Amino acid sequence: MKYRIDKQDQYAILTLDEENLNSTYAPGLKSDLIFFSQEGVRNLILDLSNVKFVDSSGLSAILTGHRLWKDGGSFVIAGHLHPMVTKLIEISRLDTILTIVPTVSEGVDYVKMEEMERELQSDN
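Residues numbered from 1 in each chain as written. Predicted model: local features only at pLDDT ≥ 70, side-chain atom pairs only at ≥ 80, totals over all residues. Heavy atoms only, no water.

K.L.:
I tried to follow the pairing of strand E4 (residues 43-47) on my own but got confused; where do I start?
P.N.:
Regular strands show a simple pattern: their side chains alternate between the two faces of the sheet. Most of E4 sits out of view: five of its five residues are buried. The two faces of E4 match: Asn43, Ile45 and Asp47 on one face and Leu44 and Leu46 on the other face are all buried. Across four bridges, the pairing between strand E2 (residues 12-16) and E4 is parallel. Note that in E4 the partner of Ile13 across the bridge is Ile45. As paired elements, E4 and strand E6 (residues 74-78) share five bridges and run parallel to each other. Residue pairing across strands places Leu44 opposite Phe75, the latter belonging to E6. (Buried < 20%, exposed > 50% of the residue type's maximum accessible area, 1.4 Å probe, protein only. Helix = DSSP H or I, 4+ residues; strand = E, 2+ residues; numbered from the N terminus. Pairing = 2+ DSSP bridges.)

K.L.:
For this particular structure, what's the right way to read the side chain of Glu18?
P.N.:
Relative to the helices and strands, Glu18 is located in the loop between E2 and strand E3 (20-21). Buried charge without a salt bridge: Glu18, with Lys2 as the nearest opposite-charge side chain at an N-O distance of 4.7 Å. Only 2.8 Å separates the side chain of Glu18 from the backbone nitrogen of Lys2, close enough to count as a polar contact. There is a polar contact of 3.4 Å between the side chain of Glu18 and the side chain of Tyr25. Glu18 has contacts with Met1, Lys2, Tyr25, Asn50 and Val51, leaving out every residue within four places of it along the chain. (Lys, Arg positive; Asp, Glu negative; His and termini not counted. Salt bridge = Lys/Arg side-chain N within 4 Å of Asp/Glu carboxyl O. Polar contact = N/O pair within 3.5 Å; in protein donor to acceptor, adjacent residues only side chain to side chain. Contact = heavy atoms within 4.5 Å.)

K.L.:
Can you walk me through helix H2 (residues 56-69) in this structure?
P.N.:
The periodicity of an α-helix, 3.6 residues per turn, causes residues three or four positions apart to be oriented the same way. Spanning 14 residues, H2 covers 20 Å between terminal C-alpha atoms, matching the ideal 20 Å at 1.5 Å per step. Along H2, the residues classified as buried are Ser57, Gly58, Leu59, Ala61, Ile62, Thr64, Gly65 and Trp69. On its buried face, H2 sits against E3, helix H1 (26-39), E4, strand E5 (53-54), E6 and helix H3 (83-91). (Expected span 1.5 Å × (residues − 1).)

K.L.:
When you look at the nonpolar core in this model, what are you seeing that I'm missing?
P.N.:
Here is a general trend for soluble globular proteins: nonpolar side chains tend to be buried in one another's company. One finds Leu16, Leu21, Leu44, Leu46, Leu48, Ile62 and Ile77 to be the most contacted residues of the largest nonpolar core, which totals 25 residues. When residues no more than four places from it in sequence are discounted, the contact partners of Leu21 are Leu16, Ala26, Leu29, Val51, Phe53, Val54, Asp55, Gly58 and Ile62. (Core = buried A, V, L, I, M, F, W, Y, C linked by side-chain atoms within 4.5 Å.)

K.L.:
What should I look at first to understand the sheet that holds E2 in this one?
P.N.:
By definition, the strands of a sheet pair up through backbone hydrogen bonds, in either a parallel or an antiparallel sense. The five strands are arranged E1-E2-E4-E6-E7 in an open sheet whose pairing can be described as mixed. Edge positions in the sheet fall to strand E1 (3-7) and strand E7 (99-101), since each has one partner strand and no second. Put simply, the sheet's adjacent strands are angled 20° from each other on average, direction ignored. Bridging between E6 and E7 involves three bridges; their strand directions are parallel. The residue of E7 that forms the bridge with Ala78 is Val101. Across the sheet, H1 touches E1, E2 and E4, and the angle it forms with E1 is around 10°. The strands touched by H2 are E4 and E6; relative to E6, the strand with the most contacts, the crossing angle is about 150°. (Axes fitted to C-alpha atoms, helices over the stretch in contact; angles between N-to-C directions.)

What follows is the structure, given as structure tokens:
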């Protein structure tokens, strides 16, 4: 599976460079998400701009990311999603639980805002 990872202090951006997130690539993505979580990546932005097709195993990998970061971090889907990807996410009703933003920069802003909120809550 081809992807790029850009690690920053508060977050990492994982950009998939594959058109398909299917049973061929999803297990590798799951493994890498688990690795990044265990490595201490506090927040992950998953850029799906290049992805044109997602199947059930791809959705499962995305849900793995959501589960790994839901307690104490942020998991954000970013990028201009292909209509087929958007439709599958909506049909499966995952749009009600996933954080989806139109651009990576909006994902970065979202993560920074979430970090500030967690910091303020921990101060109280």
